[in-house]
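Per-entry structural report
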Amino acid sequence: MSGAGENWLRDGLGDVAGADFGLWVSGVDYIAGWRGAHESADQLNRAFLGVGFELSELRAVASTNEEGRGVVRVTGWSGAVNRLAGLLEGLADGDGGAR
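Below is a summary of the structure that appears in this document.

We now examine the pairing of strand β2 (residues 70-76). By the bridge criterion, seven bridges tie strand β1 (residues 58-64) to β2 in an arrangement that is antiparallel. Of the residues in β2, the one forming a bridge with leucine 58 is glycine 76. Between the end of β1 and the start of β2, which pair antiparallel, lie five residues, with glycine 68 showing a positive phi angle near 85 degrees.

Structural data, given as structure tokens:
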């Protein structure tokens, strides 16, 4: 992206910046989806803190998808994600299911 000229926002985006593309779709309630995701992300972040993670290393983040459905993404440093995976593996039985 060059940043120069009037089409700098679309530079390098190809079809993504087509006439039907938009960050927000009229009539979709993104706020309701985000609110639900935000509550879930807060709950997950409290659980992370409860088992010894710092939110600077591993955290849940609320978002929405293009249909306005709430989405929670977990983001973190690879070492913290490896520790989380180890905790989850420790909860699984030999068949891969939860105990």
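Back to the text.
In this section: the nonpolar core. Of all hydrophobic cores here, the largest spans five residues; its members are Phe48, Phe53, Leu58, Ala80 and Leu84. Beyond its immediate sequence surroundings of up to four residues, leucine 58 is in contact with Phe48, Phe53, Val74, Thr75, Gly76, Ala80, Val81 and Leu84.

Attention now goes to the packing of aromatic side chains. Within the structure shown, the criterion is met by one aromatic pair. Ring centres of phenylalanine 48 and phenylalanine 53 lie 5.9 Å apart, and the angle between their planes is 70 degrees; on these two criteria the pair is classed as edge-to-face. Judged by relative accessible area, phenylalanine 48 falls into the buried class, the value being 4%.

About the criteria used
- Residues numbered from 1 in each chain as written.
- Predicted model: local features only at pLDDT ≥ 70, side-chain atom pairs only at ≥ 80, totals over all residues.
- Heavy atoms only, no water.
- Pairing = 2+ DSSP bridges.
- Helix = DSSP H or I, 4+ residues; strand = E, 2+ residues; numbered from the N terminus.
- Core = buried A, V, L, I, M, F, W, Y, C linked by side-chain atoms within 4.5 Å.
- Buried < 20%, exposed > 50% of the residue type's maximum accessible area, 1.4 Å probe, protein only.
- Contact = heavy atoms within 4.5 Å.
- Phe/Tyr/Trp six-rings, centres within 6.5 Å; stacked < 30°, edge-to-face > 60°.

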